[in-house]
Amino acid sequence: MKMLPKRADFPADFQFGVATSSYQIEGHSFGGAGPTHWDTFAATPGNVVRAENGAVACDHYHRWEEDLDLIANVGFDIYRFSTSWARVMPEGRGPVNREGLDFYDRLVDGMLERGFKPALTLYHWELPAALADKGGWRNRDIASWFADFTQVIADRLGDRIWSAAPINEPWCVGWLSHFLGHHAPGLRDIRATAHAMHHVLVAHGKSIRVMRSHGMKNLGAVCNLEYPIPADETPEAAAAANLYDAYYNRFFVEGIFKGRYPQEVMEAFAPHMPHNWEDDFALIGEKLDWLGLNYYTCKRIAPTEGPWPAHHEVDGPLPKTAMGWEIYPEGLYQFLTRLKREYTGDLPLYVTENGMAAPDVVEDGKVEDPHRIAYYRDHLAAVQRAIAEGVPVKGYIGWSLMDNYEWALGYEKRFGLVHVDFDSLQRTPKASYLAWKDALGSRG
């Protein structure tokens, strides 16, 4: 069997964790949660595989104790989870759903009782439908609405949270959802994209300020990064890959750490940006205690004819996951070293998501997934290499605890360490789960 490196192979203060997100596992039809733009996106034909939604998902809302026990049994130090804005504030503003807040209260207490650290992400894409009706992330007011939501969460949970980040993967909230149209709200509009990408960062800054005012510590940001490789050796391919890097990887970290946006992006965005957007960088650049990166794959980028951004992805030669993503651990090493060198210096870095989808099958009560174990092993080796070169990587959080609702791909793609039968909702730990348990042993 392929083995993972042991806990002792990392620095003594290095921490390991596992992640989920609210809409993907909880079951959004329970507990007084309001409708989200994902519910309406999924109800529109052609947007989601088999029009599946998060109404039941993994029923974590009722099975959370069993699921927390699964985390504790491995020996993870951290559980990265998210709150659902629409569960806590069904209209996005105004009245608070006490049942929703009580759920997260129990959940955080359950983590602490089991001895691992609650790592909170306030927003993982489930925008209340009532706010989508008001323009969602295109509307600058969303930054204030999100600050009010942050206030509610900080008041109730802030005293027990180990770490917090406002928004998961700004690129997905902005570009994937407003330019490519693959995620809710499913727009393909450059002006909407420019507004959304900027307002996500304004909301991030306001949320950080609210949490700081509550005395919350260990606050960070979580960005997804994807390693761009020119499809060939031509200058045109290099320029295309550089532009991909600018809007995917650099836009958000440069906004936060350098108070600017990449010129390659602004060449197209400038006419579409919100009024006085340049005045927001002091807020966007609120001091952070750490930066998290979500990393899965590389992409081969080739130039093409047509309007900006005038490029496309081409197939690569490396082994691929069930998502069709090439397995490229080198990219994780490159990002960790680059972030320290160009943006974050001595600021602690965390790998906040990393994992692979595979078509797992239960046979005789077991799921053998050596491919997933190898994926984790090779990416952990990339982390070790970065640490050896002085990069302050302080933790690694795998995606995901269990198979779940994979957004526009429905329940088809399985990332979990735990297999979920979506009919019976039975949980079955996979071989990768057992490999993590063997690697981590008991927490010190």
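In the block above lies the structure referred to throughout.
Residues numbered from 1 in each chain as written. Predicted model: local features only at pLDDT ≥ 70, side-chain atom pairs only at ≥ 80, totals over all residues. Heavy atoms only, no water.

K.L.:
When you look at the overall build of the chain in this model, what are you seeing that I'm missing?
P.N.:
Of the regular secondary structure elements, the chain holds 15 helices and 11 strands. Relative to the globule expectation of 22 Å for 444 residues, the C-alpha radius of gyration of the chain, 20 Å, shows essentially globular dimensions. Taking the principal axes of the C-alpha coordinates as reference, the chain spans close to 55 × 55 × 45 Å. Across the 444 residues of the chain, 62% fall into the buried class. Counting contacts in the chain only where the partners sit at least 6 residues apart, residues at least 24 apart contribute 77% of the total. (Helix = DSSP H or I, 4+ residues; strand = E, 2+ residues; numbered from the N terminus. Rg over C-alpha atoms; globule rule 2.2 N^0.38 Å. Buried < 20%, exposed > 50% of the residue type's maximum accessible area, 1.4 Å probe, protein only. Contact = heavy atoms within 4.5 Å.)

K.L.:
Would you take a moment to explain the pattern of salt bridges for this structure?
P.N.:
Any two side chains of opposite charge can pair if their charged atoms end up close together. For the structure shown, the criterion picks out 38 salt bridges. Linking Asp-403 and Arg-414 is a salt bridge whose minimum nitrogen-to-oxygen distance equals 2.6 Å. Separated by 11 residues along the polypeptide, Asp-403 in the loop between strand 9 (393-399) and strand 10 (418-420) and Arg-414 in the loop between strand 9 and strand 10 bring together distant segments of the chain. The buried category is assigned to Arg-414, whose relative accessible area is 14%. Among the charged side chains, a salt-bridge network with shared partners connects Asp-245, Arg-250, Glu-254, Arg-260, Glu-264, Arg-338, Arg-341 and Glu-342. (Salt bridge = Lys/Arg side-chain N within 4 Å of Asp/Glu carboxyl O.)

K.L.:
What am I meant to see in the side chain of Arg-7 here?
P.N.:
With respect to the helices, strands and loops of the structure, Arg-7 is situated in the segment before strand 1 (15-19). A distance of 3.1 Å separates a polar atom in the side chain of Arg-7 from the backbone oxygen of Leu-440. (Polar contact = N/O pair within 3.5 Å; in protein donor to acceptor, adjacent residues only side chain to side chain.)

K.L.:
Explain unusual backbone geometry to me, please; I cannot follow it from the model alone.
P.N.:
Keep in mind that most residues, glycine aside, have a negative phi and that most peptide bonds are trans. Residue Trp-308 is joined to Pro-309 through a cis peptide bond whose omega torsion reads 10°. On the secondary structure map, Pro-309 appears in the loop between strand 6 (290-303) and strand 7 (311-314). Look at the link from Trp-399 to Ser-400: it is a cis peptide, with omega at 10°. Residue Ala-51 is not a glycine yet carries a positive backbone phi of 55°. On the secondary structure map, Ala-51 appears in the loop between helix 2 (37-42) and helix 3 (60-74). Residue Ala-51 is classed as partly exposed on the basis of its relative accessible area of 42%. Despite not being glycine, Asp-364 shows a phi value in the positive range, around 55°.

K.L.:
Got a minute to help me understand the nonpolar core in this structure?
P.N.:
Proteins that are soluble and globular tend to have nonpolar side chains buried together. Ranked by internal contacts, the top residues of the largest apolar core, which has 135 residues, are Trp-38, Trp-85, Trp-137, Leu-336 and Trp-436. Per-element accounting of this core gives the leading share, 11 residues, to helix 10 (residues 235-258). Look past the residues within four positions of Trp-38 in its chain and what remains in contact with it is Tyr-23, Val-48, Trp-125, His-183, Ala-184, Tyr-405, Trp-407 and Ala-408. Of all hydrophobic cores here, the second largest spans 12 residues; its members include Ile-78, Tyr-375, Ile-397 and Phe-415. (Core = buried A, V, L, I, M, F, W, Y, C linked by side-chain atoms within 4.5 Å.)

K.L.:
Explanation requested: the pairing of strand 1 in the structure shown.
P.N.:
The side chains of a regular strand alternate between both faces of the sheet. Strand 1 sits mainly inside the fold: 5 of its 5 residues count as buried. The alternating pattern of strand 1 places Gln-15, Gly-17 and Ala-19 on one face and Phe-16 and Val-18 on the opposite face, and all of these are buried. Both strand 1 and strand 9 contribute to a ladder of 5 bridges, which runs parallel. Bridged to Ala-19 within strand 9 is Trp-399. (Pairing = 2+ DSSP bridges.)

K.L.:
Explain the environment of Ser-29 here, please?
P.N.:
By the element assignment, Ser-29 lies in the loop between helix 1 (22-25) and helix 2. Along the primary structure Ser-29 and Ala-57 are separated by 28 residues, whereas in three dimensions their C-alpha atoms are 9.5 Å apart. Setting aside residues no more than four positions away along its own chain, Ser-29 makes contact with Ala-55 and Val-56. There is a polar contact of 2.6 Å between the side chain of Ser-29 and the backbone oxygen of Ala-55.

K.L.:
What is the right way to look at the pairing of strand 4 (residues 163-167) in this model?
P.N.:
Most of strand 4 sits inside the fold, with 5 of its 5 residues counted as buried. Taken together, the 4 bridges between strand 3 (residues 117-123) and strand 4 define a ladder with parallel strand orientation. Directly across from Thr-121, in strand 4, lies its bridge partner Ala-165.

K.L.:
In this structure, what is going on with the side chain of His-60? I would like to understand it.
P.N.:
Relative to the helices and strands, His-60 resides in helix 3. Judged by its relative accessible area of 2%, His-60 falls in the buried class. Apart from the residues lying within four places of it in its own chain, the contact partners of His-60 are Ile-25, Glu-26, Asp-67, Tyr-79, Phe-103, Leu-107, Met-402 and Arg-427.

K.L.:
What's the story with the environment of Arg-188 in this structure? I'm lost.
P.N.:
For Arg-188, the position within the fold is in the loop between helix 8 (170-178) and helix 9 (190-213). When the C-alpha atoms of Arg-188 and Tyr-261 are compared, they prove to be 21 Å apart, with 73 residues separating the residues in sequence. In this structure Arg-188 touches His-178, Phe-179, Leu-180 and Gly-181, once residues within four positions along its chain are discounted. Here the side chain of Arg-188 touches Leu-180 through a polar contact of 3.2 Å, landing on its backbone oxygen.

K.L.:
So what exactly am I meant to see when it comes to helix 10 here?
P.N.:
Think of an α-helix as turning once every 3.6 residues; residues three or four places apart then point the same way. Along its 24 residues, helix 10 runs just 27 Å from first to last C-alpha, ending more than 12% under the 34 Å computed at 1.5 Å per residue. Of all bends in helix 10, the biggest is about 60°, found at Arg-250. Where burial is concerned, most of helix 10 is hidden: 17 out of the 24 residues are buried. Following helix 10 by one or two positions, Gly-259 has its phi on the positive side, about 65°. (Expected span 1.5 Å × (residues − 1). Bend = angle between axes of the 7 residues up to and from the residue.)

K.L.:
Would you mind showing me how to read the packing of aromatic side chains here?
P.N.:
Think of a pair of aromatic rings as described by two things: how far the centres are apart, and how the planes are tilted against each other in angle. Inspection of the entire model under this criterion finds 54 aromatic pairs. Judged by centre distance (6.0 Å) and plane angle (25°), the ring pair of Tyr-79 and Phe-81 falls under stacked. For Tyr-79, a relative accessible area of 1% translates into the label buried. For Phe-81, a relative accessible area of 2% gives the class buried. The lysine or arginine in question, Arg-385, covers the ring of Tyr-333, its NZ or CZ lying 3.5 Å from the ring centre. (Phe/Tyr/Trp six-rings, centres within 6.5 Å; stacked < 30°, edge-to-face > 60°. Lys NZ or Arg CZ within 6 Å of the ring centre and 35° of its normal.)

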